[in-house]
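Single-letter residue listing:
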Amino acid sequence: MKKIVQILSIFFVLFALCNCVYAIEDVQKNKNKEVVLKKEVKENAPKDDLSRMEANVEIQDGAVLSLEDCIRIALTNSPSVKKYKNLVKHANAILGQSKASYFPSLSLGTGYYGKFNNNDGNSTSDNSYGLNASLSQLIFSFGKVGTKIKKAKLNKIAADFDLNYEIIRTIFNVKTNYYAVLAATANMKVQEANISVNERQYQQTKAYFEEGLKSKIDLVNAEVYLSDAKINYVTAQNTYDAAVIALNNSMYIQSSPKYSIEKLESFNFANKYAEVTLKNFDQDLVKKFKAPDLAEGASYQTSVQKNELIDINYKVEKFPYTLNESIALAKENRPDLHSYVAVRDALKQELKYQRIQYLPDLKAKGTYGLNAASTMSNSFQVTGTLDFASINAMDIKYKIEEAKANLDVADNAIDKMEKDIYFSVQTAYVNMVQLEKKIPLTEVSVKQTFENLELAMGRYEVGLGNFLEVQDAIVNYNKAQESYVKLIFDYNVARAKVELEIAKLDKPQEQKDNK
């Protein structure tokens, strides 16, 4: 009998050690899977996301920030990203707890026992000290522990996908606000140029008025249009300030020094203004229209140059995916959809657990006891138990019904998201294509309004045109430039929106071809 107890003890210890080794290996394997998963769910975001999330970027006075810098700052400072990172840690902790049943449980106890007897005046005492140690190990749970672990793993995967989707959304917000600052900067340049044109138009009209060539009303109108141009510039400045504030907010910077941002190939503009030069009128031309002699020196003549704030021959890089390809990529890559699927699969495991929760646990337990009294004694025993939890058939029935309902809700959510993804990708893609088609048309409008401005000013200079004709040409040219800047902004945002919808941010065609 003693040999049987020893054999069972050895078997019990070996079994416990094997479970520990298996649990450790499973934890390590899960860590490796987590690394692979993080690579998979973040492969479609711009590269170096992990470094962005860890690096600290300080903004110095006069710094020039690139889009990559702004994204790195946002991912480092974002409370939402930090929240989802902590949720990943929480899910990982739950997973570790679910694996704890693989490990044996150790319990220790000690005590003092005193016995006093008084019999006809004779007192006796018996004192003893005891020490108990037990080691219990789960042998078989009929699938309950395995189901809990699978559920925890799936919830961990869902948390990873949620983190990745938050990263993608943060990047999109930064890109949108970055584009808005570039657009506001370009629009300020347009308004500066408009002030320059109206200032010189005012000076020219004033010179004509002083020479008796134009009426007082033309001079007053020139002053009014110049004031309007200055008001428009103040509005453009306010728009720029608001855009910078929005960019700071997207980077979660409460107070920051003055900095500038780099231009982008997809949103570039030149520092050229609508310049006006001063030179003498053609004296023969003045005499032809019977203008009085001019004062010594020079009078004003306008020679307008193109306000090429953005390259009028803007080249749109072809989007690397068709509409159908974009929809397929969205269903394949969207982290939020994968998160829903992982949650649905976790709920399947929950349903499975509720169906088997009443099954018993087979456990082995080894106990060692030491008793120190008048004599020293010790004992060791090995036991096997089949533990049944309390069974409430009605409670089990409705827990299963609850699990089924939760699973149906998850299936409905996935179905709705797939449909929403289809329509959102389609809407974003069509909007991007529509804006892309407008770009060359708007370029033509800018060129035509500029040519019209040149003609109107030429007619005005030689006395054939009137002041309102020139001002209409100036206003139309200014509006055409404003529309062009807004169009380039809208197109870049629309393209970023499509990239967000298909979870393929910053994935250019050449990278795709090099795979």
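Residues numbered from 1 in each chain as written. Predicted model: local features only at pLDDT ≥ 70, side-chain atom pairs only at ≥ 80, totals over all residues. Heavy atoms only, no water.

**Examining the overall build of the protein**
Okay, step 1: Regarding its fold elements, the protein presents twelve helices and six strands.
Okay, step 2: Counting only residues that meet the buried cut, the protein has 41% of its 515 residues in that class.
Okay, step 3: Of all intrachain contacts in the protein linking residues separated by at least 6 positions in sequence, the fraction that spans at least 24 positions is 81%.
Okay, step 4: As presented, the protein carries roughly 28,900 Å² of accessible surface, and 54% of it is formed by carbon and sulfur atoms. (Helix = DSSP H or I, 4+ residues; strand = E, 2+ residues; numbered from the N terminus. Buried < 20%, exposed > 50% of the residue type's maximum accessible area, 1.4 Å probe, protein only. Contact = heavy atoms within 4.5 Å. Areas by Shrake-Rupley, 256 points an atom, 1.4 Å probe, with all protein chains shown as cover.)

**Description of the nonpolar core**
Okay, step 1: One finds Phe-319, Met-432 and Ile-502 to be the most contacted residues of the largest nonpolar core, which totals 45 residues.
Okay, step 2: At the level of elements, helix H5 (144–210), helix H6 (216–250), helix H8 (323–333), helix H10 (393–461) and helix H11 (467–501) are the ones that each hand at least two residues to this core.
Okay, step 3: Looking at this core element by element, the count peaks at 15 residues for H10.
Okay, step 4: For Ile-502, the residues in contact, after removing those within four places along its chain, are Phe-319, Tyr-321, Ser-326, Leu-329, Ala-330, Asn-333 and Val-425.
Okay, step 5: Core analysis: the second largest hydrophobic core is formed by 42 residues, Phe-172, Val-174, Leu-264 and Leu-500 among them. (Core = buried A, V, L, I, M, F, W, Y, C linked by side-chain atoms within 4.5 Å.)

**Regarding the environment of Ser-266**
Okay, step 1: Within the secondary structure, Ser-266 sits in the loop between strand E4 (259–261) and helix H7 (283–288).
Okay, step 2: Sequence separation between Ser-266 and Tyr-179 is 87 residues; the distance between their C-alpha atoms is 9.6 Å.

**Thoughts on the side chain of Gln-471**
Okay, step 1: Tracing the backbone through its elements, the reader meets Gln-471 in helix H11.
Okay, step 2: Exposure remark for Gln-471: the relative accessible area of 1% places this residue in the buried category.
Okay, step 3: Among the polar contacts listed, one links the side chain of Gln-471 to the side chain of Asn-198, at a separation of 3.2 Å.
Okay, step 4: Those residues within four positions of Gln-471 in sequence are excluded, and the remaining contacts are Asn-198, Gln-201 and Tyr-225. (Polar contact = N/O pair within 3.5 Å; in protein donor to acceptor, adjacent residues only side chain to side chain.)

**Looking at the environment of Ala-428**
Okay, step 1: Structurally, Ala-428 is set in helix H10.
Okay, step 2: Looking at Ala-428, the relative accessible area reads 8%, which means it is buried.
Okay, step 3: A sequence separation of 65 residues divides Ala-428 from Val-493, and the C-alpha atoms of the two residues are 10.0 Å apart.
Okay, step 4: Among all residues touching Ala-428, those that are not within four sequence positions of it are Lys-497, Val-498 and Glu-501.

**Here we look at the packing of aromatic side chains**
Okay, step 1: In the structure shown here, the tally under the stated rule is five aromatic pairs.
Okay, step 2: Ring centres of Phe-450 and Tyr-477 lie 5.5 Å apart, and the angle between their planes is 50 degrees; this geometry places the pair in the tilted category. With Phe-450 in helix H10 and Tyr-477 in helix H11, this pair connects stretches of sequence that are 27 residues apart.
Okay, step 3: The buried category is assigned to Tyr-477, whose relative accessible area is 5%.
Okay, step 4: For Lys-83, the ring lying beneath its charged end belongs to Tyr-84, and the centroid distance is 5.4 Å.
Okay, step 5: Against the face of Tyr-398 rests Lys-397, its NZ or CZ located 4.3 Å from the ring centre. (Phe/Tyr/Trp six-rings, centres within 6.5 Å; stacked < 30°, edge-to-face > 60°. Lys NZ or Arg CZ within 6 Å of the ring centre and 35° of its normal.)

**Side note on unusual backbone geometry**
Okay, step 1: The phi angle at Phe-142 is positive, at roughly 60 degrees, despite the residue not being glycine.
Okay, step 2: Residue classification places Phe-142 among the partly exposed residues on the basis of a relative accessible area of 33%.
Okay, step 3: Its identity is not glycine, yet Tyr-252 carries a phi of approximately 60 degrees, on the positive side.
Okay, step 4: A residue is classified by how much of its surface remains accessible, and Tyr-252, at 37% relative accessible area, is partly exposed.

**Some points on the pattern of salt bridges**
Okay, step 1: For the coordinates displayed, the defined rule picks out 16 salt bridges.
Okay, step 2: The shortest N-O distance in the salt bridge between Asp-160 and Lys-156 comes to 3.0 Å. Here the residue Asp-160 and the residue Lys-156 both occupy positions in helix H5, the gap between them amounting to four residues, near one helical turn. The two residues Asp-160 and Lys-156 agree in class, both being buried.
Okay, step 3: Residue Lys-419 pairs with Asp-415 through a salt bridge whose shortest N-O separation is 2.8 Å. (Salt bridge = Lys/Arg side-chain N within 4 Å of Asp/Glu carboxyl O.)

**Some words on a nonpolar patch on the surface**
Okay, step 1: A contiguous nonpolar surface patch, about 480 Å² in accessible area, is contributed by Phe-140, Phe-142, Leu-362, Leu-386 and Phe-388.
Okay, step 2: Assignment of secondary structure puts Leu-386 in strand E6 (residues 376–387). (Patch = residues over 30% accessible without salt bridge, like charges linked within 9 Å, V, L, I, M, F, W, Y side chains within 5 Å.)

**Let's talk about the confidence of the model for the protein**
Okay, step 1: A residue-level look at the protein finds 74% of positions with pLDDT of 70 or above and a mean pLDDT of 78.
Okay, step 2: Scored below 50 in pLDDT, residues 21–25 shows four contacts in the model against residues more than four places distant or in partner chains.
Okay, step 3: Considering only residues more than four positions removed or in separate chains, one finds that residues 270–310, a stretch of pLDDT under 50, has 86 contacts. (pLDDT = per-residue confidence, 0-100.)

**Comments concerning H11**
Okay, step 1: Helix length check: H11 (35 residues) gives 50 Å between terminal C-alpha atoms against 51 Å at 1.5 Å per residue, within 8%.
Okay, step 2: Following H11 by one or two positions, Ala-503 has its phi on the positive side, about 55 degrees. (Expected span 1.5 Å × (residues − 1).)

**So, H6**
Okay, step 1: Helix length check: H6 (35 residues) gives 51 Å between terminal C-alpha atoms against 51 Å at 1.5 Å per residue, within 8%.
Okay, step 2: Taken together, the buried positions of H6 are Asp-218, Leu-219, Ala-222, Leu-226, Ala-229, Tyr-233, Ala-236, Ala-243, Val-244, Leu-247, Asn-248 and Ser-250.
Okay, step 3: Residues of H6 that are buried sit in contact with helix H3 (67–77), H5, E4, H10 and H11.
Okay, step 4: Just past H6, the residue Tyr-252 takes up positive phi, approximately 60 degrees.

**Regarding the environment of Ser-339**
Okay, step 1: Looking at the element boundaries, Ser-339 is found in helix H9 (residues 335–356).
Okay, step 2: Sequence-wise, Ser-339 and Ala-159 are 180 residues apart; in three dimensions their C-alpha atoms are separated by 7.2 Å.

**Some details on the packing of H5 against H11**
Okay, step 1: Packing of H5 against H11 leaves a shortest axis separation of 10 Å and a crossing angle of 170 degrees. When the axis of H5 is compared with that of H11, the two are roughly antiparallel. (Axes fitted to C-alpha atoms, helices over the stretch in contact; angles between N-to-C directions. Parallel < 35°, antiparallel > 145°, perpendicular 65-115°, else oblique.)

**Considering the side chain of Asn-248**
Okay, step 1: Along the chain, Asn-248 turns up in helix H6.
Okay, step 2: Under the relative-accessibility criterion, Asn-248 is labelled buried at 11%.
Okay, step 3: Side-chain polar atoms of Asn-248 contact the side chain of Tyr-259, separated by 2.4 Å.
Okay, step 4: Dropping the residues within four chain positions of it, Asn-248 is found in contact with Ile-253, Ser-256 and Tyr-259.

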